[in-house]
Amino acid sequence: MSGGSKEQVTRLLALAPYLQTRGEVPLHEVAADFGVTPAQVLKDLRVLFMCVLPGYGPGDLIDINVEALEDDPDGLVRVDNAEFLARPLRLGSNEASALIVALHALLDASPAGSRDVVERTLAKLDDAHA
């Protein structure tokens, strides 16, 4: 089950760096790794294809050959023109503060298995934000 738009945004945020670091990946493998169907991955790729940083133009869009994948479900997914994904995320002061508040709320509601990750993330953000 692919879920709604919230799940798609979560997948897209993970999908972009996943593809950037993996190079070429069979479509069915991407689907299995994300727990969705190949058809859902294609929908996600159509959205990702339209992503660009603010201030950039159409020539700066992430390059994904979605049409070729529609014709070949065993085809390889490859992302080009997405080098900006390799840059570290830089949060503004307001963004970092909002994320810290949200992570503290998440920490309170997290199952025991997730707490360690949330605590480590909070520690890194607290150190960087100080």
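Higher on the page you've got the structure.
Colleague: When you look at the packing of aromatic side chains in this model, what are you seeing that I'm missing?
Modeller: Both the distance between ring centres and the angle between the ring planes are used here to describe each pair of aromatic rings. A full pass over the atoms with the stated rule returns one aromatic pair. Consider the rings of Tyr18 and Phe34, whose centres lie 5.0 Å apart with planes at 80°: the pair is edge-to-face. Of this pair, Tyr18 sits in helix α1 (residues 5–22) while Phe34 sits in helix α2 (residues 27–34); the two residues are 16 residues apart in sequence, bridging distant segments of the chain.

Colleague: I'm lost on the nonpolar core in this one. Help?
Modeller: Grouped together as the largest cluster of nonpolar side chains are 16 residues, with contacts concentrated most on Leu15, Leu19, Val30, Val41, Leu45 and Leu48. The set of elements that each furnish at least two residues to this core consists of α1, α2 and α3 (38–49). Considering every element that reaches this core, the biggest residue donor is α1, with five residues. Every residue in contact with Leu15, bar those within four places of it in the chain, is listed here: Val30, Phe34, Asp44, Leu45 and Leu48.

Colleague: So what exactly am I meant to see when it comes to the environment of Gly75 here?
Modeller: Of note, Gly75 is situated in the loop between α4 (66–71) and β2 (76–77). What makes Gly75 buried here is its relative accessible area of 8%. Along the chain, Gly75 and Leu27 lie 48 residues apart, while their C-alpha atoms are 5.9 Å from each other.

Colleague: Looking at this structure, I do not really get the side chain of Arg11. What am I missing?
Modeller: Along the chain, Arg11 turns up in helix α1. The exposure class assigned to Arg11 is buried, which follows from its relative accessible area of 8%. A polar contact is formed between the side chain of Arg11 and the side chain of Asp44, at a distance of 2.6 Å.

Conventions used here
Residues numbered from 1 in each chain as written. Predicted model: local features only at pLDDT ≥ 70, side-chain atom pairs only at ≥ 80, totals over all residues. Heavy atoms only, no water. Phe/Tyr/Trp six-rings, centres within 6.5 Å; stacked < 30°, edge-to-face > 60°. Helix = DSSP H or I, 4+ residues; strand = E, 2+ residues; numbered from the N terminus. Core = buried A, V, L, I, M, F, W, Y, C linked by side-chain atoms within 4.5 Å. Buried < 20%, exposed > 50% of the residue type's maximum accessible area, 1.4 Å probe, protein only. Contact = heavy atoms within 4.5 Å. Polar contact = N/O pair within 3.5 Å; in protein donor to acceptor, adjacent residues only side chain to side chain.

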